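Each chain is listed here by its residues.
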Amino acid sequence: MDSETIMGPMDLKVRELLKEVQLDYSSATAKLVDDTVSAIKQAIDTIPEDLQVTADLAPQFVRDIGADKVEFNFKKPKLIEIGGSYSMRCIAKPDVNIDLFVRLPKECFHEKDYLNHRYHAKRFLYLCIIKKYLNSSSLIRKVEWSTLQNEARKPLLVVHPAMELDEIPGFFVRIIPTATSLFSILKLNMKRNNVRSLKQDESTPRATPKYNSSILEDMFLENNAEFVKQTFLGWKELGEALILLKVWARQRSSIYAHDCLNGFLISVIMAYLATDSGRNLINNSMKPMQIVRFTLDFIASSKLWNSGLYFKSQSLPNISKEELQERKQCLRLFPVVISESLAHFNLVFRIIGSGFMELQDEAGLTLSCLDKCKDGGFEELFLTKIDYPAKYDYCMRLNLKGNSDVHVSGFCLDEECWRSFEQKVHALLLQGLSDRAKFIRVTWKNATSESNVENGLSIFDQEPLLIGISINSLEKAFRVVDVGPNAENKDEALKFREFWGEKAELRRFKDGTIAESTVWESKQWERHTIIKRITGYLLSRHLSLSERNIVHVVDQLDFSLVHGIGDPISFSGSLLEAFEVLSKRLHLLKDIPLKVSSVQPLDSAFRFTSVFPPEPHPLANEKSYVPRLNKLTSTCIKPLEVMIQLEGSGNWPMDDIAIEKTKSAFLIRIGESLQNNWGMLCTATEENVDVLMSGYAFRLKILHERGLSLLNMQNGSNHVKRISSVDKELFIRGQHSSMINGLQGRYPIYGPVVRLAKRWVASHLFSAFLVEEAVELLVAYLFLKPLPFHAPCSRISGFLRFLRLLSEYDWNFSALVVDINGDLSPSDEKEINENFTTSRKGYEEFSHKVNPAMFLATAYDKASEAWTRFSPNSLELRRLGAYARSSVNLLTKLIFKGQVDSYRWECLFRTPLNNYDAVILLHREKMPYPQQLLFPSEMNQGKHVAHGNASKAFHPFLLPEYMKGNSTDLKDKLLVDFDPLRCFIGDLEKEFPDTFKLWYDSLGGDAIGMVWDRSLSKKRERDEEKEEEKDRVNVLKAVGEVGKGFVRSIYLLKSPRLRN
């Protein structure tokens, strides 16, 4: 796809985005900037010349960086001028700030002040004097400390003016000292040591390239800024492309960081490509999005990164041998190099190898978005937030506040102690996780706006260190045994044992090899915690971190899926074995008129997406089986639907009712045959035949294609539209089940993510409005269309992306197409678009009546009729989105910071009950599976209008007196598919049609929310309010009577709002 094609669908959106993020350089903006800069200059002018400056201004800072001889007499700056994005007119809102360069005077420094952090100390003391005088200015509201790219030894001042402008809220000026021509460049060569306490051994000094680069950065700052400014001035398209790339980078917090990318470095890369140095690869004929694409392509795949990027010098057209040596030296010291021709200073000296790898990966993913996503990937590029919680499969926080081990060798040597610690953690995890991890990102943001740098550098450990891990594959991540070096390789084996300590053990493997190894034994459903165990062990062993200071975001939501001794998903193996036996026996049946040709499981438990797949029940077995009962043996068992097809025959009736009756007769005959041949227990009703075997109840359904044919033949008649075709429903469910099963095979983490998503939907009482198949398709979309991410490989990142999809997707104007097998043709996509357009006719007038509000299209359902045809409607979908938004905000905070006030992880599944007009509380002990209840519901508000005692007719567990009976009597007590909540909801809808809407949790919740039908309040708008409340109370009392024995309490929270 060429760039011209991309411009088509994106052009309008890009124009609108640029209008939104470009700063309006109006007279009001210019006045605010000029007045603020003038106020700063005036404050600096009031500082007395030759003012004596000593370490007493900030003794702790000077002591912490290890500087001496820092006294000087204050001299006014040689230059104060605006630099950075404002001077280039390339500011990208909402971050509106001005860089003000303040050139430090040479008279304040000695010739050798580049040694031992003297420059850094004097630089800071110079700013302390400026801060003191700025604070006394009435035109300045506030002055704070910040740092240059998170470098603690290079603070800068953030000045907030007293005057504010509504168009640019939060405006401030950054005062950045520069050191033009302050020291000899040769003295700051990368091979030199300028921190005398840093030695390779007792006698040999160690080179200090990072320290030297820190000073050179200030020396070259003005020149580099001026060069970039001259490249961009007058080139509108280049400036717009820079703004777009800033927006792109800011959405990606893992690369928009101190050790990777920032706005200035983006402009440097673009300046390189737009000048002779980069062979003018960006030229004047290109449009902004073409420049964006070209820049990203260069970042992602250019081979020039291997040799470094060098700006050509006009005065030195040829490169000498010495210069080549300098370049090679630079490449050995830094993973990425962008420098002037002589390689004196590397502009990207802060970029680390892992950060650059992530940058290239992000750029590559973005190029994929441009080619593969709708509208040229506009939303994925500029509007999608790619932060740590959503991007990484595993996130960790290390609380290092007050940990003196971080700076045991000193705060600042060549590198600062925090950067050294980042690298130490990264190297440790990289070695420990080996091929399990694709990317490991370690960042420690040290500076905050509240940091009072005068008090020293110990304040820079307040924020936790963040670790993000992207895994290679689940197979590698969940591996139980890591094989180390062969026992014969003694040197390597010794290193292995030193690294792993007590976890290392010598094992003999099946092929006869004897090797060192580590073993991480865990149950199948706990394999996702193996990485947590590895990283926790290594951090504890090598960095002496305690458990309470290591927070792994891995299994915090598992509580919502487990009960009793563990996760019921562990029983899936026995379920599939039981199904295989049933399938074989059905195929072997010979004493039925038509043979069984195929057997397909339909229930979500078979595809690993059921929140609570059934555990084997001791009473659901063959007749001859003698059960062993637990103390808590459930009274109820959930049937699992299985679809069978029979061999073809021309003797089937034509009438659809007769077909269903014939199916029932077949099912009864099949049940009898199973019972006679294998002693299997079968129960039959007019609608269903249930087979009890191996601890499970299987409900048999027959799909007959003539039923589908009949439906297709009559498609034009109004009569058929009123009939719910059993065959059509079975056919669609079969298609859905097989597709999801295939997807689960490709993405093993898909099942756990779906289970969390279903649990969340149910816990917020949306069970009636979003069926489980719809949830499965929504989660499937995240795996099939993951861009701008990789497909999720952990349950929490997948769950967060599900919530974001619900809250951010534009359902009004976009169909969500889930192409599981990649078999939708262009004509299929055209048909889906036409169906969607038809469904949105009249949206402007009746947006609340649009159906389906959530348009989910698949290969088997191109009109979104199967799962979301009638619900959720527009209002329900809006409510669902609001709840998802709230959960996204909470989950993101929990991942970054842990508990926020009283909000813990379980709050993601606690739903507020005050959002309903009335609330019904149920007797928990009368729920069929009380162990599935997450949180017991209680009400402390509203009017208590009804109360009921629990019925004695039903108990969720078999009573002790029943246990003494024989197995046949016990099996008679077993209730297949008994769900009092479903029965109660059905009775209420039948008794009170169009009176209220019910919100409930089908997975074991004990609360039902009620919302009055608004049409009723319209009819009653002139009635007295008291009379109306009385009517509502009577309705609620009648509701209590319907649910007598099941309903615990009913509360009236609010009457419907009257409309004028």
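Student: Whenever I open this one, the overall build of the protein confuses me. Can you help?
Tutor: Looking only at helices and strands, one finds 31 helices and 30 strands in the protein. Taken against the 2.2 N^0.38 rule, which gives 31 Å for 1060 residues, the C-alpha radius of gyration of the protein at 35 Å falls within 12% of a compact globule. With respect to the three principal axes, the spread of C-alpha positions in the protein is 105 × 85 × 55 Å. The contacts of the protein with a sequence gap of at least 6 include a subset with a gap of at least 24, amounting to 74%. Looking at the protein as shown, the accessible area adds up to about 47,600 Å², and 49% of this sits on carbon and sulfur atoms. Distance from the positive charge centre (138 side chains) to the negative charge centre (136 side chains) of the protein: 2 Å.

Student: Which parts of the structure should I look at to understand the confidence of the model for the protein?
Tutor: For any part of a model where pLDDT is low, the fine detail of the predicted coordinates should not be relied upon. Looking at the protein, the pLDDT average stands at 90 and 92% of residues meet or exceed 70. Across residues 1-6 the pLDDT falls below 50, and counting only partners more than four positions away or on other chains, this stretch makes 10 contacts in the model. Counted against residues more than four places away or in other chains, residues 1056-1060, with its pLDDT under 50, gives 15 contacts.

Student: What should I look at first to understand unusual backbone geometry in this one?
Tutor: Outside of glycine, negative phi angles account for most residues, and trans bonds account for most peptide bonds. The amide bond that connects Leu787 to the next residue, Pro788, takes the cis arrangement and shows omega of 10 degrees. Geometrically, the link from Ser871 to Pro872 is a cis peptide bond, its omega value of 0 degrees lying close to zero. Although it is not a glycine, His117 adopts a positive phi angle of roughly 65 degrees. Structurally, His117 is set in the loop between β4 (97-103) and α5 (118-134).

Student: Which parts of the structure should I look at to understand the sheet that holds strand β10 (residues 394-398)?
Tutor: Picture the strands of a sheet paired through backbone hydrogen bonds; they go either parallel or antiparallel. The sheet built from four strands is open, its strands ordered β11-β12-β10-β16 with antiparallel pairing. Two strands lie at the open edges of the sheet, namely β11 (437-443) and β16 (550-553), each paired on one side alone. Neighbour-to-neighbour, the strand axes of the sheet open up by a mean angle of 15 degrees, direction not taken into account. Sheet topology places β11 next to strand β12 (residues 465-471); six bridges connect them, and they run antiparallel. Paired with Thr443 across the two strands is Leu466, which belongs to β12.

Student: How should the side chain of Arg441 be read in this particular structure?
Tutor: Tracing the backbone shows Arg441 in strand β11. Only 2.9 Å separates the side chain of Arg441 from the backbone oxygen of Ser254, close enough to count as a polar contact. A polar atom in the side chain of Arg441 sits 2.7 Å from the side chain of Asp259.

Student: Explain the packing of helix α18 (residues 572-588) against helix α19 (residues 656-678) here, please?
Tutor: Working note: a packed helix pair is described by the angle between its axes plus the distance between those axes. One can describe the packing of α18 onto α19 by two numbers: an axis separation of 11 Å at closest approach and a directional angle of 105 degrees. As judged from the angle between their axes, α18 and α19 are roughly perpendicular. Touching Leu582, Arg585, Leu586 and Leu588 of α18 are Ile670, Leu674 and Trp678, all from α19. For the contact of α18 with α19, the residue count by class is six nonpolar, no polar and one charged.

Student: What is the right way to look at the packing of aromatic side chains in this model?
Tutor: Two aromatic rings, taken as a pair, are described by how far apart their centres are and by the angle between their planes. The tally for this structure, following the rule as stated, stands at 47 aromatic pairs. With centroids separated by 5.4 Å and ring planes inclined at 90 degrees, the aromatic side chains of Phe766 and Tyr883 adopt a geometry described as edge-to-face. Of this pair, Phe766 sits in the loop between α23 (750-763) and α24 (772-784) while Tyr883 sits in helix α27 (residues 874-897); the two residues are 117 residues apart in sequence, bridging distant segments of the chain. For the pair formed by Phe766 and Tyr883, the shared burial category is buried.

Student: How do you make sense of the pattern of salt bridges when you look at a structure like this?
Tutor: When charged atoms on two side chains of opposite charge get close, those side chains can pair. Across all of its chains, the model carries 59 salt bridges by this definition. For Arg250, the salt bridge identified is with Asp95, shortest N-O distance 3.4 Å. Of this pair, Arg250 sits in helix α7 (residues 236-250) while Asp95 sits in the loop between α4 (84-88) and β4, and the two are 155 residues apart along the sequence. When the shortest N-O distance is used, the salt bridge between Lys236 and Glu240 registers 4.0 Å. Of this pair, Lys236 and Glu240 both sit in helix α7, four residues apart, which is roughly one turn of that helix. In this structure, a network of salt bridges that share partners links the residues Arg123, Glu151, Arg153, Lys154, Glu217, Asp218 and Arg350.

Student: Please clarify how the sheet that holds strand β29 (residues 1007-1012) should be interpreted in this entry.
Tutor: Read across the sheet, five strands follow the order β26-β30-β25-β29-β28 without closing on themselves; strand pairing throughout is antiparallel. What marks the edges here is a single partner per strand, and that holds for β26 (943-947) and β28 (996-1000). The average undirected angle you get between the axes of adjacent strands in this sheet is 20 degrees. Bridge count for β28 against β29 is five bridges, and the pairing is antiparallel. Bridge pairing in β29 places Leu998 opposite Met1010. With respect to the sheet, helix α29 (residues 980-991) is in contact with β25 (918-922), β28, β29 and β30 (1047-1052), its orientation differing from that of β28 by roughly 170 degrees.

Student: In this structure, what is going on with the side chain of His117? I would like to understand it.
Tutor: The class of His117 is buried, set by a relative accessible area of 1%. Among the polar contacts made by the side chain of His117, one reaches the main-chain carbonyl oxygen of Ile65 at a distance of 3.3 Å. When neighbours within four sequence positions are excluded, His117 is seen to be in contact with Ile65, Ala67, Arg153, Val195, Tyr211, Cys412 and Leu413.

Student: Sorry if this is basic, but what is going on with the nonpolar core here?
Tutor: One recurring pattern in soluble globular proteins is that nonpolar side chains are buried together. Core analysis: the biggest nonpolar cluster contains 258 residues, and Trp760 and Phe802 have the highest contact counts within it. When sequence neighbours within four positions are dropped, the list of residues in contact with Phe802 reads Ala757, Trp760, Val761, Val775, Leu778, Val779 and Leu782. Within the second largest apolar cluster, 31 residues are counted, among which are Leu582, Val599, Trp652 and Leu700.

Student: How should a positive patch on the surface be read in this particular structure?
Tutor: Where like charges cluster on the molecular surface, the positive patch consists of Lys69, Lys112, Lys187 and Arg196. Locating Arg196 in the fold gives a position in the loop between β7 (172-178) and α6 (209-232).

Student: Sorry if this is basic, but what is going on with α27 here?
Tutor: Two residues of an α-helix separated by three or four positions point the same way, owing to the 3.6 residues in each turn. The terminal C-alpha atoms of α27, which comprises 24 residues, lie 34 Å apart, in line with the 34 Å expected from a rise of 1.5 Å per residue. Two or three places before Leu875, at the opening of α27, Asn873 has a side-chain oxygen 3.1 Å from that residue's backbone nitrogen. Phi for Gly898, located one or two positions after α27, is positive at around 80 degrees.

Cut-offs applied
- Residues numbered from 1 in each chain as written.
- Predicted model: local features only at pLDDT ≥ 70, side-chain atom pairs only at ≥ 80, totals over all residues.
- Heavy atoms only, no water.
- Helix = DSSP H or I, 4+ residues; strand = E, 2+ residues; numbered from the N terminus.
- Rg over C-alpha atoms; globule rule 2.2 N^0.38 Å.
- Contact = heavy atoms within 4.5 Å.
- Areas by Shrake-Rupley, 256 points an atom, 1.4 Å probe, with all protein chains shown as cover.
- Lys, Arg positive; Asp, Glu negative; His and termini not counted.
- Charge placed at Lys NZ, Arg CZ, Asp CG, Glu CD.
- pLDDT = per-residue confidence, 0-100.
- Pairing = 2+ DSSP bridges.
- Axes fitted to C-alpha atoms, helices over the stretch in contact; angles between N-to-C directions.
- Polar contact = N/O pair within 3.5 Å; in protein donor to acceptor, adjacent residues only side chain to side chain.
- Parallel < 35°, antiparallel > 145°, perpendicular 65-115°, else oblique.
- Nonpolar A, V, L, I, M, F, W, Y, C, P; charged D, E, K, R; others polar.
- Phe/Tyr/Trp six-rings, centres within 6.5 Å; stacked < 30°, edge-to-face > 60°.
- Buried < 20%, exposed > 50% of the residue type's maximum accessible area, 1.4 Å probe, protein only.
- Salt bridge = Lys/Arg side-chain N within 4 Å of Asp/Glu carboxyl O.
- Core = buried A, V, L, I, M, F, W, Y, C linked by side-chain atoms within 4.5 Å.
- Patch = residues over 30% accessible without salt bridge, like charges linked within 9 Å, V, L, I, M, F, W, Y side chains within 5 Å.
- Expected span 1.5 Å × (residues − 1).

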